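This is what each chain is made of:
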Amino acid sequence: MSDIQKNERKLTIARGMAEAIAAEMRADSRVFVMGEDIAKLGGVYGNARGLLAEFGDQRVLDTPISETAFIGAGVGAASDGMRPIVELMFVDFFGVCMDAIYNLMAKNTYFSGGNVRVPMVLMTSTGGGYSDGGQHSQCLYGTFAHLPGMKVVCPSNAYDAKGLMTAAIRDDNPVVYMYHKSLQGMGWLGTEAGSVVEVPAAAYEVEIGKAAVVREGSDVTIVSLALGVHHALKAAVRLAEMGINAEVVDLRSLVPLDRETIFNSVRKTGRLLVIDEDYSSYGVTGEVIATVTERSINILKAAPRRVAYPDIPIPFARHMEQFALPNAEKVVRAVEEMMGACS
Amino acid sequence: MIDIVVPADRWDSDDQAVITVWLVQDGATVAAGDLVAEIMCVKTQHEIRSPSNGVLSIVATVDSVVSKGDVMARIAA
Amino acid sequence: MEPTIAQKLWMYETMLVSRFFEQSIERIYMEGKSPVFDMADGPIPGEMHISKGQEPCAVGVCAHLDSSDIVTAGHRLHHIAIAKGVDLKKMMAEIFGKESGLSGGRGGHMHIFDAAVNFSCSGIIAQGMGPAVGAALSRKMQCKPGVAVSFIGEGAANQGAFHEALNLAAVWKLPVIFVIEDNSWGISVSKSASTSVSRNDVRAASYGIPGHYVENNDPVEVFKVAGVAVARARAGEGPTLIEIQTTRLAGHFMGDTEDYWPTEERRRAKASDPIPRFHEQLLADGVLTATADEEIRYRAQALVDEAVVFARESNYSAPEAALEKVFV
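All values derive from a computational prediction rather than experimental measurement.

Enquirer: Can you help me understand the overall build of chain C in this one?
Expert: Across its full length, chain C holds 11 helices and eight strands. Dimensions of chain C along its principal axes, counting C-alpha atoms only, are 55 × 50 × 40 Å. Relative to its full complement of 328 residues, chain C shows a buried share of 50%. A separation of at least 24 residues holds for 75% of the contacts in chain C among residues at least 6 apart in sequence.

Here it is as structure tokens:
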């Protein structure tokens, strides 16, 4: 990753998020954090570690299990000049509080003609693969990216995680910050090692709405986000052994979507594969493919492909869940087929 | 040479722990007190800090299972 | 705490402005929708929820608020907005969907936002309660004065958001007041058919906060109860729940034939119009004279007429303006 300065300290995504939040809380007294198990526990996923000790219980708040109330409260506080960071512990829980998110947080700015700002960050955990069942393992990227009025970011590594959190807090618009549980660095979940990277101690922003080419290549463009980026990179290593040179694009943001970077990459390679852990139909994979095909099909040497979660509720049994999940192996097979195919 | 060992005072039992993450590169220069790794015993994560200044060499890699007193890394002054 | 003469006259005049506003809206809404009623037709398309009869709830509470206090409301909101001091011309223009409206036409009747007086509303039942709690939290955190008031209907007291918001406000001891306008009907379902208690003020006890009930839609009674609640909030003593027995003189929405409401009951409810009653009271108390009343009515009607002219004469924005103001 060319953006990373050479630095000998590495962080997990959880620490990167907490570090960004702490820095912004030091710089701006309007920033505060609330959510379930955020204060005393430091967040179930470690992203609020150390905040209570440094900032106290007036700025780091444990909430009751009342998502509609406290996410709605986040909207009200943000509309009144504060800069809240609110956690929805599992993205799967959006069902109980979606009105506050998509009808209030996302629309109040528009409904007020731009006169009311909602500078709020809604951070939420995503992802499965550890047998937590169908109500605690979803990604739902498409659901949130689809609805207008909220920015959506999904870091794949600690450097981007810290930079995107800083940018999200400073943004005057509502930002949904979706972090994948397998990338957090929580030992009890099993962490993807590639997410633990060097992170500068000083504050910096990663631009929201800008994708990154994390591996350059010439034969196929593999686009992904969050955990999918790591599957893509592993697949790229195996493909290289087979003489196939893959370019990997890390979206980093879903809203705004960096369609230019996606298109330019496919224009170079001629082949597109999208890997996404969210449900296959009506989501990220379709959107990325349409981003290219609605602009030009002449640049394509093969039909675009997607490796995504099937349109099923997530099963509990380990073998079934692993069968359904996207992985590097599925990417390799799909690319092999694309390389053999004609346009 | 100073060893970073799995501490004896973080949990009561003789349960083993696993190295879950190294927060510095192998060969990095560290200062006393720097956070260098996290280990996990059962479900609880523990922070491991460097006892001194120097260059750190990793002995127990990520996912290694370790016992109290095992050497995790060495620091050359 | 009795309202002063000035406050009584303010309440009376504001109730009149509100009533004349609603009467104008009713008339204009039906333009282009007759003989065939198509909701999308006419200068005011869409849904319309008229607040005639509920004016005392708005003025009795807002008499204690200033522009820096925060108010959130629901889908039947014009009377509350007017009492809070929302710009009348810009609100009318917004209801017409004109560019000069509060939101350039992007919000309309159910999404009136006036940042200058901290007023907002949402069309989803009870969803304004969370933001009111948040605004109160914000003022407490910033050590800035201000109370938040959330206006809801009695139907909203059965939503999950109601219970969550009351609990959260109580646990964090926030300066927020929840005001229920009980007009007995959630569209066609009566309160007695939907609510497990006959008065929602008793629900306050579940959250350890005071609850008050105001009978008979009397602006002075609302004023007294609201005064206690606002003072309590300003003193940092926490939230209060108030339920006011009011009356919905029009149907739920414009076009509602109200067949669900037994005729005799309906007739009685509509006969208890709070404005003539207040008018009589003020005359009897010597607060109002016939001449002063004429002036007040003239002024109120003129304000509304001016707003209508402004709205009618304003232009629509270019259609492409729909794409703007999603993000700032």
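From this point on, the discussion continues.
Enquirer: Could you clarify how one ought to interpret the overall build of chain B in this entry?
Expert: Helices and strands together make up the secondary structure of chain B, namely zero helices and eight strands. Along its sequence from the N terminus, chain B presents helices and strands in the succession β-β-β-β-β-β-β-β. Taken along its principal axes, the extent of the C-alpha atoms in chain B is 35 × 20 × 15 Å. Per-residue burial for chain B yields a buried fraction of 30% across its 77 residues.

Enquirer: Before we go on, may I ask you to explain the sheet that holds strand β8 (residues 71–76) of chain B in this structure?
Expert: Paired through their backbone hydrogen bonds, the strands of a sheet run either parallel or antiparallel. Residues and elements named next belong to chain B. Reading across from one edge, β1-β8-β6-β3 is the order of the four strands in this open sheet, with antiparallel pairing throughout. Where the open sheet ends on each side, the last strands, each with one partner, are β1 (2–5) and β3 (29–30). Sheet topology places β3 next to strand β6 (residues 54–58); two bridges connect them, and they run antiparallel. Across the sheet, residue T29 finds its bridge partner in β6, namely V55.

Enquirer: Can you help me understand the sheet that holds strand β4 (residues 83–90) of chain A in this one?
Expert: All names here are of chain A. Strands sit in the order β3-β2-β4-β5-β7-β6-β12 across an open sheet of seven strands; the sheet is mixed. The sheet is open, and its two edges are formed by β3 (60–62) and β12 (253–255), each paired on a single side. Between one strand axis and the next, the sheet turns through 20 degrees on average, direction left out of account. Bridge count for strand β6 (residues 151–153) against β12 is two bridges, and the pairing is antiparallel. In the strand pairing of β12, V152 is matched with V255. Along the sheet face, helix α1 (residues 13–27) touches β2 (31–35), β4 and β7 (175–180) and points at about 135 degrees away from the line of β2. Sheet strands touched by helix α7 (residues 158–170): β2, β4, β5 (121–126), β6 and β7. Its angle to β7, the strand with the most contacts, is close to 160 degrees.

Enquirer: It is not clear to me how the interface of chain A and chain B should be interpreted in this structure. Could you clarify?
Expert: For interface size, the figure often reported is the accessible area lost on association. Contact residues are listed per partner, giving 11 residues for chain A and 13 residues for chain B. By residue class, the composition of the side of chain A that touches chain B is four nonpolar, four polar and three charged.

Enquirer: Is there a simple way to explain the arrangement of the chains in this structure?
Expert: Taking contact number as the criterion, the leading pair out of two pairs of chains in contact is chains A and C. Nothing in chain B touches chain C, and the closest approach of their C-alpha atoms is 31 Å.

Enquirer: Can you walk me through helix α2 (residues 55–62) of chain C in this structure?
Expert: Most of α2 of chain C sits inside the fold, with eight of its eight residues counted as buried. Buried within α2 of chain C are the following residues: E55, P56, C57, A58, V59, G60, V61 and C62 of chain C.

Enquirer: Would you take a moment to explain the nonpolar core for this structure?
Expert: Within soluble globular proteins, side chains that are nonpolar generally end up buried alongside one another. Counting 227 residues, the largest nonpolar core has L122, Y177, I222, L273 and V331 of chain A together with V133 and V176 of chain C as its most contacted members. When we break this core down by domain, the ones giving at least three residues each are domain 1 (10–198) and domain 2 (212–338) of chain A.

Enquirer: Help me understand the interface of chain A and chain C, please; the structure alone is not making it clear to me.
Expert: With 36 residues of chain A at the contact, the number on the chain C side is 35 residues. Of all the elements in the fold, those that place two or more residues in the side of chain A that touches chain C are α3 (67–79), α4 (98–105) and α5 (108–111) of chain A. Grouping the amino acids of the side of chain A that touches chain C by side-chain chemistry returns 15 nonpolar, 17 polar and four charged.

Enquirer: Explanation requested: the pairing of β6 of chain B in the structure shown.
Expert: Looking along a regular strand, one sees side chains alternate from face to face of the sheet. Looking at chain direction, β6 of chain B and β8 of chain B are connected through four bridges and run antiparallel. Counted as the bridge partner of S57 of chain B is R74 of chain B from β8 of chain B.

Enquirer: Sorry if this is basic, but what is going on with the packing of helix α4 (residues 88–96) of chain C against helix α11 (residues 290–313) of chain C here?
Expert: How two helices pack is summed up by the angle between their axes together with the distance between the axes. Residues and elements named next belong to chain C. Axis separation between α4 and α11 bottoms out at 8 Å; the angle between their running directions is 45 degrees. One way to sum up the angle between α4 and α11 is to call them oblique. In this structure, the crossing between α4 and α11 has a hand that is right-handed. In this structure, α4 contributes L88, K89, M92, A93 and F96 to the contact, and α11 contributes L303, E306, A307, V308, F310 and A311. Its residues assigned to classes, the contact of α4 with α11 shows nine nonpolar, no polar and two charged.

Enquirer: How should I be thinking about the packing of helix α1 (residues 5–30) of chain C against helix α10 (residues 274–284) of chain C in this particular structure?
Expert: All names here are of chain C. Look at α1 against α10: their axes get within 11 Å of each other, and the N-to-C directions meet at 150 degrees. One finds that α1 runs roughly antiparallel with respect to α10. Taken as a pair, α1 and α10 cross one another with a handedness that is left-handed. Here K8, Y12, M15, L16 and R19 of α1 lie close against α10, whose contacting residues are I275, F278 and L282. Tallied by class, the residues present in the contact of α1 with α10 amount to six nonpolar, no polar and two charged.

Enquirer: I tried to follow the pairing of β4 of chain A on my own but got confused; where do I start?
Expert: Residues and elements named next belong to chain A. Across the eight residues of β4, seven count as buried, placing the element largely inside the fold. In the sheet, β2 pairs with β4 via four bridges, with the strands oriented parallel. Looking at the pairing, V33 lines up with I85 of β4. By the bridge criterion, five bridges tie β4 to β5 in an arrangement that is parallel. Of the residues in β5, the one forming a bridge with F90 is S125.

Enquirer: Is there a simple way to explain the environment of G236 of chain C in this structure?
Expert: Relative to the helices and strands, G236 of chain C is located in the loop between α8 (219–234) and β8 (240–245). Along the chain, G236 of chain C and K140 of chain C lie 96 residues apart, while their C-alpha atoms are 8.7 Å from each other.

Enquirer: Would you take a moment to explain the confidence of the model for chain C for this structure?
Expert: Of the residues in chain C, 100% reach a pLDDT of 70 or more, and the chain-wide mean stands at 94. Two summary scores accompany this predicted model of the complex, namely pTM at 0.91 and ipTM at 0.86.

Enquirer: Sorry if this is basic, but what is going on with unusual backbone geometry here?
Expert: Residues other than glycine predominantly adopt negative phi, and peptide bonds predominantly adopt the trans conformation. Residue P256 of chain A is reached from V255 of chain A by a cis peptide bond, and omega for that bond is -5 degrees. Take P256 of chain A: it is sitting in the loop between β12 and α9 (259–269). A positive phi angle is found at N216 of chain C, which is not glycine, with a value near 65 degrees. Judged by the 14 C-beta atoms lying within 10 Å of it, N216 of chain C is partly exposed. A positive phi angle is found at N217 of chain C, which is not glycine, with a value near 55 degrees. Within the element layout of this structure, N217 of chain C appears in the loop between β7 (211–214) and α8. What makes N217 of chain C buried here is the crowd of 26 C-beta atoms within 10 Å.

Definitions and cut-offs
Residues numbered from 1 in each chain as written. Chains lettered and ligands numbered in written order. Predicted model: local features only at pLDDT ≥ 70, side-chain atom pairs only at ≥ 80, totals over all residues. Helix = DSSP H or I, 4+ residues; strand = E, 2+ residues; numbered from the N terminus. Buried ≥ 20, exposed ≤ 12 C-beta atoms within 10 Å, placed from the backbone. Contact = placed C-beta atoms within 7 Å. Pairing = 2+ DSSP bridges. Axes fitted to C-alpha atoms, helices over the stretch in contact; angles between N-to-C directions. Nonpolar A, V, L, I, M, F, W, Y, C, P; charged D, E, K, R; others polar. Core = buried A, V, L, I, M, F, W, Y, C linked by C-beta atoms within 7 Å. Domains from an automatic or database assignment. Parallel < 35°, antiparallel > 145°, perpendicular 65-115°, else oblique. Left-handed = near helix turned anticlockwise from the far one by under 90°. pLDDT = per-residue confidence, 0-100.

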